[in-house]
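Given next are the chains, with one letter for each unit.
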Amino acid sequence: MGSDSEAEKAQKEKKKMVALAPIAKPLAGKKLSKKTLKLVRRAAEYKCLKRGVKEVVKSIRRGNKGLCVIAGNISPIDVITHLPILCEESEIPYVYVPSKEDLANAGATKRPTCCVLVLTKPTKGELGQEEQEKLKADHAQVVADVVELTSTLF
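Residues numbered from 1 in each chain as written. Predicted model: local features only at pLDDT ≥ 70, side-chain atom pairs only at ≥ 80, totals over all residues. Heavy atoms only, no water.

## Section: the overall build of the protein
Part 1: Each helix and strand in the protein was counted, giving six helices and four strands.
Part 2: Taking 154 residues into account, the globule formula puts the C-alpha radius of gyration at 15 Å, and the protein, at 15 Å, falls close to it.
Part 3: When its C-alpha atoms are laid out on the principal axes, the protein stretches across 45 × 35 × 30 Å.
Part 4: Here the protein holds 154 residues, and 42% of them are scored as buried.
Part 5: At a minimum sequence separation of 6, the contacts of the protein that also span at least 24 residues come to 82%.
Part 6: Computing the positive centroid from 28 side-chain charges and the negative centroid from 19, the protein places the two 4 Å apart. (Helix = DSSP H or I, 4+ residues; strand = E, 2+ residues; numbered from the N terminus. Rg over C-alpha atoms; globule rule 2.2 N^0.38 Å. Buried < 20%, exposed > 50% of the residue type's maximum accessible area, 1.4 Å probe, protein only. Contact = heavy atoms within 4.5 Å. Lys, Arg positive; Asp, Glu negative; His and termini not counted. Charge placed at Lys NZ, Arg CZ, Asp CG, Glu CD.)

As structure tokens, then:
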């Protein structure tokens, strides 16, 4: 029984990789994807997350800084092609994850999400000192990994 579930998992993983867009670079590996989705989950708990293309673009244009996480299996791709350019102009690190469904689950929504922007502080209200430090530490760790991944690509 265990091997069946492993085979099914491997098949699902293959399907995710087949549906990837050709511009999905830098694509996070398994380990970095897991870390990134964990950060997104924590940011969603603390209300430090912007979901969807409209909200993300609006936040970037207003000058909010953070980490942009983009799903790699978006169709049509034209929906998100402007995001990496916008992030690079604003000096915001960005990374692609393989699945929009996984990104939505981490972001605490049922609908598949194209992209999210992880902020270090909430837009409204305040966070406790401990939560703020924990979120900033996780954010800094993931951003460092993303910058390292990006530097190996370009």
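From this point, the narrative continues.
## Points about the packing of helix α2 (residues 30-45) against helix α6 (residues 129-153)
The angle between the axes and the distance between the axes are what describe a pair of packed helices.
Part 1: In contact at an axis separation of 10 Å, α2 and α6 are set at 145° when each is read in the N-to-C sense. In this structure, the crossing between α2 and α6 has a hand that is left-handed. Residue-level contacts link L32, K35, T36, L39, R42 and A43 of α2 to K134, L135, D138, H139, Q141, V142, D145, V146 and L149 of α6.
Part 2: Residue classes in the contact of α2 with α6 are distributed as seven nonpolar, three polar and five charged. (Axes fitted to C-alpha atoms, helices over the stretch in contact; angles between N-to-C directions. Left-handed = near helix turned anticlockwise from the far one by under 90°. Nonpolar A, V, L, I, M, F, W, Y, C, P; charged D, E, K, R; others polar.)

## Points about the pairing of strand β4 (residues 115-119)
Within a regular strand, side chains alternate between the sheet's two faces.
Part 1: Burial within β4 is extensive, with five of its five residues counted as buried.
Part 2: Residues C115, L117 and L119 point to one face of β4 and V116 and V118 to the other, with burial holding for every one of them.
Part 3: Across three bridges, the pairing between strand β1 (residues 49-51) and β4 is antiparallel. Across the sheet, R51 pairs through a bridge with V116, a residue of β4.
Part 4: One ladder, built from five bridges, connects strand β2 (residues 66-71) with β4; its direction is antiparallel. The residue of β4 that forms the bridge with I70 is C115. (Pairing = 2+ DSSP bridges.)

## Observations regarding the sheet that holds β4
Part 1: Taking strand neighbours across the sheet as the criterion, the four strands line up as β1-β4-β2-β3 in an open arrangement whose pairing is mixed. For this open sheet the edge positions go to β1 and β3 (94-97), each flanked by a neighbour on one side alone. Neighbouring strand axes in the sheet, compared pairwise and without regard to direction, differ in orientation by 20° on average.
Part 2: Together, β1, β2 and β4 form the strand contacts of helix α3 (residues 53-62), whose direction differs from that of β4 by roughly 40°.

## Digging into the confidence of the model for the protein
Part 1: On average, residues of the protein score 87 in pLDDT, and 91% of them reach the 70 mark or higher.
Part 2: Confidence, read as mean pLDDT per element, is least for helix α1 (residues 2-18) in the protein (64) and greatest for α3 (95). (pLDDT = per-residue confidence, 0-100.)

## Quick look at the pattern of salt bridges
Part 1: For the coordinates displayed, the defined rule picks out two salt bridges.
Part 2: The salt bridge involving K35 is made with D145; its shortest N-O contact spans 2.9 Å. In this pair, K35 is assigned in helix α2 and D145 in helix α6, connecting sequence segments 110 residues apart.
Part 3: The salt bridge partner of R42 is D138, with a shortest N-O separation of 2.1 Å. Highlighted residues: R42 in helix α2 and D138 in helix α6, separated in sequence by 96 residues.
Part 4: In this structure D138 comes out as partly exposed when scored by relative accessible area, which is 25%. (Salt bridge = Lys/Arg side-chain N within 4 Å of Asp/Glu carboxyl O.)

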